[in-house]
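One-letter residues, chain by chain:
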Amino acid sequence: MNRVITRVTDHAHGVPLAAGANVSASNIGNALGAWLGGLAISAGLGYTAPLYVGAGIVLLGLAVMTYAAVRGHAP
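Residues numbered from 1 in each chain as written. Predicted model: local features only at pLDDT ≥ 70, side-chain atom pairs only at ≥ 80, totals over all residues. Heavy atoms only, no water.

Visitor: Describe the overall build of the protein, with residues and values.
Guide: Helix and strand counts for the protein come out as three helices and zero strands. Moving toward the C terminus, one meets the helices and strands of the protein in the order α-α-α. Evaluated residue by residue, the protein yields a buried proportion of 11% over its 75 residues. About 6,000 Å² of surface is accessible on the protein, with carbon and sulfur atoms providing 71% of the total. (Helix = DSSP H or I, 4+ residues; strand = E, 2+ residues; numbered from the N terminus. Buried < 20%, exposed > 50% of the residue type's maximum accessible area, 1.4 Å probe, protein only. Areas by Shrake-Rupley, 256 points an atom, 1.4 Å probe, with all protein chains shown as cover.)

Dropping the structure here:
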């Protein structure tokens, strides 16, 4: 995790807010994943459901990242 924070901060040219936002996003992801995984189990989907919930969160994150990358390179 420290490597990711370091890379984000280096890319942002030492702006401390970038590292703080990165850590905050990681904390939100951990909390959201645990909450949604618990909801899936309590909904009766079984103990393997959090794996699929996690995969869905990853796919959503990749879609957002791809969209941001494409929009960032637009003239």
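Visitor: Tell me what's going on with a nonpolar patch on the surface, and back it up with residues and numbers.
Guide: A contiguous nonpolar patch, built from I28, L32, W35 and L39 and spanning about 420 Å² of accessible area, is present on the exposed surface. Its location among the elements puts W35 in helix α2 (residues 16-42). (Patch = residues over 30% accessible without salt bridge, like charges linked within 9 Å, V, L, I, M, F, W, Y side chains within 5 Å. Salt bridge = Lys/Arg side-chain N within 4 Å of Asp/Glu carboxyl O.)

Visitor: Describe α2, with residues and values.
Guide: Along its 27 residues, α2 runs 39 Å from first to last C-alpha, staying within 8% of the 39 Å computed at 1.5 Å per residue. Regarding α2, the residues found buried are A18, A19, N22, G37 and A40. A positive phi of about 90° marks G44, the residue just after α2. (Expected span 1.5 Å × (residues − 1).)

Visitor: Outline the packing of α2 against helix α3 (residues 49-72), listing residues and values.
Guide: Packing of α2 against α3 brings their axes to within 8 Å, and their N-to-C directions diverge by 140°. Considered as vectors, α2 and α3 are oriented oblique to each other. The element α2 and its partner α3 pack so that their crossing is right-handed. Of α3, the residues touching α2 (which contributes G33, L36, G37, A40 and I41) are A49, P50, V53 and I57. Counted by class, the contact of α2 with α3 contains seven nonpolar, two polar and no charged residues. (Axes fitted to C-alpha atoms, helices over the stretch in contact; angles between N-to-C directions. Parallel < 35°, antiparallel > 145°, perpendicular 65-115°, else oblique. Left-handed = near helix turned anticlockwise from the far one by under 90°. Contact = heavy atoms within 4.5 Å. Nonpolar A, V, L, I, M, F, W, Y, C, P; charged D, E, K, R; others polar.)

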